[in-house]
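So you can see what is in the structure, the chains are spelled out below.
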Number of protein chains: 2
Amino acid sequence: MQREPDLARALRALAVEARDLSLGNGVPHLTRPPSPLAFLRDWVSPNRPVVISDAISHWPALSRWTTSYFREVLGKKEVTVAVTPNGYADAVFEDHFVMPEERTMPFGRFLDIVEGKEKPPGVFYVQKQCSNLCSEFPEIAADVELEIGWASEALGKKPDAINFWMGEENAVTSYRPFVPYGLYQPAVYREREDGGFDVVEQTFSAKVPWIPVDPLHPDLHRYPCFGDACPLHCSLHAGETLYLPSLWFHHVRQSHGCIAVNFWYDMEYDIKYSYFQLLDRLSGDASDAACGAIGSPFESEAA
Amino acid sequence: MQREPDLARALRALAVEARDLSLGNGVPHLTRPPSPLAFLRDWVSPNRPVVISDAISHWPALSRWTTSYFREVLGKKEVTVAVTPNGYADAVFEDHFVMPEERTMPFGRFLDIVEGKEKPPGVFYVQKQCSNLCSEFPEIAADVELEIGWASEALGKKPDAINFWMGEENAVTSYRPFVPYGLYQPAVYREREDGGFDVVEQTFSAKVPWIPVDPLHPDLHRYPCFGDACPLHCSLHAGETLYLPSLWFHHVRQSHGCIAVNFWYDMEYDIKYSYFQLLDRLSGDASDAACGAIGSPFESEAA
């Protein structure tokens, strides 16, 4: 019986205990894909991330996806590319939630930029969440399987979206570390004639809940709570697959130009989701001191 | 962003949301056993209880376990029987956590009492948590299967204990509704010569955390929070199986003399457990107002 429960202390204890009991200090590695049952039991149900080797070795993409192949198959295709001054698409900049400038260009030109043959201002990234692999890149969709079989069987559903990502070394995907949250007016980057970027507010859009901390350069003076955060780090090599459970914040950067395919599976709104919502509701009080968990209302991902 | 989070309100919201999104208002019913994968995905991972028909239809016990069979096979066997004045074994009475008086008697005499042929003071119940089916009743263990196959496969382990329960109509198993908790000095019932029962304190035992509310007759004046509790009710008929997930409080009573076999499977100390611990830590502040969840550090049960 705790007579004076300290919310912040309780949340810190949650993080420490979850780490000690089940999450550990790193992301475990499987040398081969799990059975659907083992995937469900050991990773999905306890909501633990895992890196899996040899899950996509049979994909033609692994050997086929080179820039010369892309030039041949997609070179003249007009595609949508996200452009930012700093690599951060969908991130808080000062007091706005800033989305990338979206430009249409031939894929061949995007490849020139990725390969450094052309050096315009900004960072270029093909990144969408709208199942663009099938809709925008049907020419290369046959190079992969359109689901992760053991994941679909375990989760009892097909992927909700399959996305193709390709970016330069300094492209960074949207991320969402856990505290603090804020509501930010949406905006987009727009390149000026001088090559710099303006932040153009989207006046009529609703505010977006997002996390203002850059996990690579956290402002601990402004957000001291982030010093208590316990991120897990892992590196993914070519051919490896990450299972990212629902309700985990994540942040992705790349050691060099990279391609990824991710599969979103709809999450279940089960007791874990409700517990996460509880944490969210309590965060108003605790965000100055809480260290902890693990979450965004995001979906399961294999990338 | 909630500026003044109200802990009690947040916990009530958790209960309401969990009920709306995933738990519902009753215990669902399956007409046949699920596959291991479906059991894991639909019930274990989301921590939802379910009643299953036709899971133990092949057990000889279903037709074989009659009082005349028990008299023949076990009649002269000395067994341990829990005796209480009121049917409540392992429950808070006034300011003690009171355990039953344990008496040794021939099983045949216990059957006489269950059948009303003998009417001594008190309520008699064969109830143990120490895997008594195999240790105390090996003569009838072959009448059941010693695991629930699809549950063992799903959970990746064998049962930790298999217990045989047999009691009169007014026997009630230990229960643990969720709030409030207290620490109680252990005691045992001991029959006096006049047929009444004394509560004999176990002075040297450590205090036990337990819930003082009787869910059948809650003292809402003393524990107003219990009025917000949202129990799920279900009836189990002969041959049916209940999956009771870990971290659920439960309370069992019987419409008439009943026999049950339960299988405890060790729980996983995963994120759900850690969230439950968070609730427990927060309960000091919120126990006067919280409605909610769902739990005891108990194991998975099929009974």
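Here is a short report on the structure shown in this document. (Residues numbered from 1 in each chain as written. Chains lettered and ligands numbered in written order. Predicted model: local features only at pLDDT ≥ 70, side-chain atom pairs only at ≥ 80, totals over all residues. Heavy atoms only, no water.)

## What to know about unusual backbone geometry
Peptide bonds are mostly trans, and most non-glycine residues show a negative phi.
Alright, step 1. Of note, the phi angle at aspartate 54 of chain A is positive, near 70°, even though the residue is not glycine.
Alright, step 2. Here aspartate 54 of chain A shows up in the loop between strand E2 (50–52) and helix H3 (61–64).
Alright, step 3. A relative accessible area of 45% places aspartate 54 of chain A in the partly exposed class.
Alright, step 4. Here glutamate 94 of chain B, not a glycine, exhibits a phi torsion of approximately 50°, which is positive.
Alright, step 5. Inspection of the secondary structure assignment puts glutamate 94 of chain B in the loop between strand E4 (91–93) and strand E5 (96–99). (Helix = DSSP H or I, 4+ residues; strand = E, 2+ residues; numbered from the N terminus. Buried < 20%, exposed > 50% of the residue type's maximum accessible area, 1.4 Å probe, protein only.)

## A look at the pattern of salt bridges
All names here are of chain A.
Alright, step 1. Scanning the entire structure with this criterion turns up 26 salt bridges over all chains.
Alright, step 2. The partner of glutamate 268 in a salt bridge is lysine 157, and the shortest N-O contact between them spans 2.4 Å. One end of the pair, glutamate 268, is in the loop between strand E13 (258–265) and helix H9 (271–286); the other, lysine 157, is in the loop between helix H8 (149–155) and strand E8 (161–167), with 111 residues separating them in the sequence.
Alright, step 3. Overlapping salt bridges bring together Arg71, Asp112, Glu115 and Lys117 as one network. (Salt bridge = Lys/Arg side-chain N within 4 Å of Asp/Glu carboxyl O.)

## Some points on the relation of the copies chain B and chain A
Alright, step 1. With an RMSD of 0.0 Å, the operation that places chain B on chain A is a rotation of 180° combined with a shift of 0.1 Å along the axis. The relationship between the two copies is best expressed as a two-fold rotation axis. Across chain B, the smallest distance between a C-alpha and the rotation axis is recorded for serine 45 of chain B, namely 2.3 Å.
Alright, step 2. A share of 100% of the interface residues of chain B reappears at the interface of chain A, consistent with the copies meeting face to face through the same patch. (Least-squares fit on C-alpha atoms with pLDDT ≥ 70 in both. Contact = heavy atoms within 4.5 Å.)

## What to know about the side chain of glutamate 17 of chain B
Alright, step 1. Examined against the element boundaries, glutamate 17 of chain B turns out to sit in helix H1 (residues 7–23).
Alright, step 2. Discounting residues that sit within four places of it in the chain, glutamate 17 of chain B has contacts with Tyr273, Ser274, Gln277 and Arg281 of chain A together with Ser22 of chain B.

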